[in-house]
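# Residue-level structural notes
Read off the chains here:
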Amino acid sequence: MLHRLREIFANCCVKWRCALVEFGGESDHVQLLIDGHPSMNLARMIGNLKTVSARLIRKEFKQHLSKYFWKVRFWNNAYALVSAGGHANIETLLAYIQDQEKPSC
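A brief structural summary. (Residues numbered from 1 in each chain as written. Predicted model: local features only at pLDDT ≥ 70, side-chain atom pairs only at ≥ 80, totals over all residues. Heavy atoms only, no water.)

What follows covers the overall build of the chain. A tally of regular secondary structure across the chain gives four helices and two strands. Along its sequence from the N terminus, the chain presents helices and strands in the succession α-β-β-α-α-α. By the compact-globule yardstick of 13 Å for 105 residues, the chain fits well, its C-alpha radius of gyration being 14 Å. Residue burial in the chain is summarised as follows: out of 105 residues, 29% are buried. By sequence separation, contacts in the chain at least 24 residues apart represent 51% of the contacts at least 6 residues apart. Summing over all exposed atoms, the chain offers an accessible surface of approximately 7,800 Å²; the carbon and sulfur share of this is 54%. (Helix = DSSP H or I, 4+ residues; strand = E, 2+ residues; numbered from the N terminus. Rg over C-alpha atoms; globule rule 2.2 N^0.38 Å. Buried < 20%, exposed > 50% of the residue type's maximum accessible area, 1.4 Å probe, protein only. Contact = heavy atoms within 4.5 Å. Areas by Shrake-Rupley, 256 points an atom, 1.4 Å probe, with all protein chains shown as cover.)

Centre distance and the angle of the planes are the two values used to describe a pair of aromatic rings. Going through the model one piece at a time under the given rule, you end up with three aromatic pairs. Each ring, one from F9 and one from F23, has its centre 6.0 Å from the other, and the planes form 40°; the classification is tilted. Remark: F23 occurs in strand β1 (residues 19–25) and F9 occurs in helix α1 (residues 2–15); sequence separation between them is 14 residues. In terms of burial, F9 and F23 fall into one category: buried. Relative to W75, the ring of F74 lies with its centre 5.1 Å away and its plane at 85°, an arrangement referred to as edge-to-face. Three or more aromatic residues joined by ring pairs form one cluster here, namely F9, F23, F74 and W75. (Phe/Tyr/Trp six-rings, centres within 6.5 Å; stacked < 30°, edge-to-face > 60°.)

Attention shifts here to the side chain of S53. Take S53: it is sitting in helix α2 (residues 42–60). Residues in contact with S53, not counting those within four places in the same chain, are L5, I8, F9 and W75.

For the structure on display, the rule yields two salt bridges. The partner of E7 in a salt bridge is R4, and the shortest N-O contact between them spans 3.2 Å. Here E7 pairs with R4, and both are found in helix α1, just three residues apart, close to one helical turn. In this structure, R4 engages E60 in a salt bridge whose closest nitrogen and oxygen atoms are separated by 2.6 Å. Separated by 56 residues along the polypeptide, R4 in helix α1 and E60 in helix α2 bring together distant segments of the chain. Because the salt bridges share partners, they merge into one network encompassing R4, E7 and E60. (Salt bridge = Lys/Arg side-chain N within 4 Å of Asp/Glu carboxyl O.)

Our focus in this paragraph is the pairing of β1. A large share of β1 lies buried, amounting to five of its seven residues. Two elements, β1 and strand β2 (residues 30–35), share six bridges in a ladder whose sense is antiparallel. Paired with L20 across the two strands is I34, which belongs to β2. Linking two consecutive strands that pair antiparallel, namely β1 and β2, is a turn of four residues. (Pairing = 2+ DSSP bridges.)

See the structure below:
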């Protein structure tokens, strides 16, 4: 599922004229490092990423998800955004994503 999520997010980023630089995921969340223009409407983009990915993952993994997932919402409403610069440089963000737990999927 994580491999498919990466594809979905990468495709969405292309449509938003940005690039998915790095992707990491665990059993309960994902991390994305995205290279985009500073003027992007980040809230709309995150909403679009969640909507598109939820629709496709539910459709493509319906049988598998039915064993574990029964909620109306696929993603939590919350998200965190961190920009590079200041206290968090790009190398720090990249290392954080790469060092996350690697699920056996």
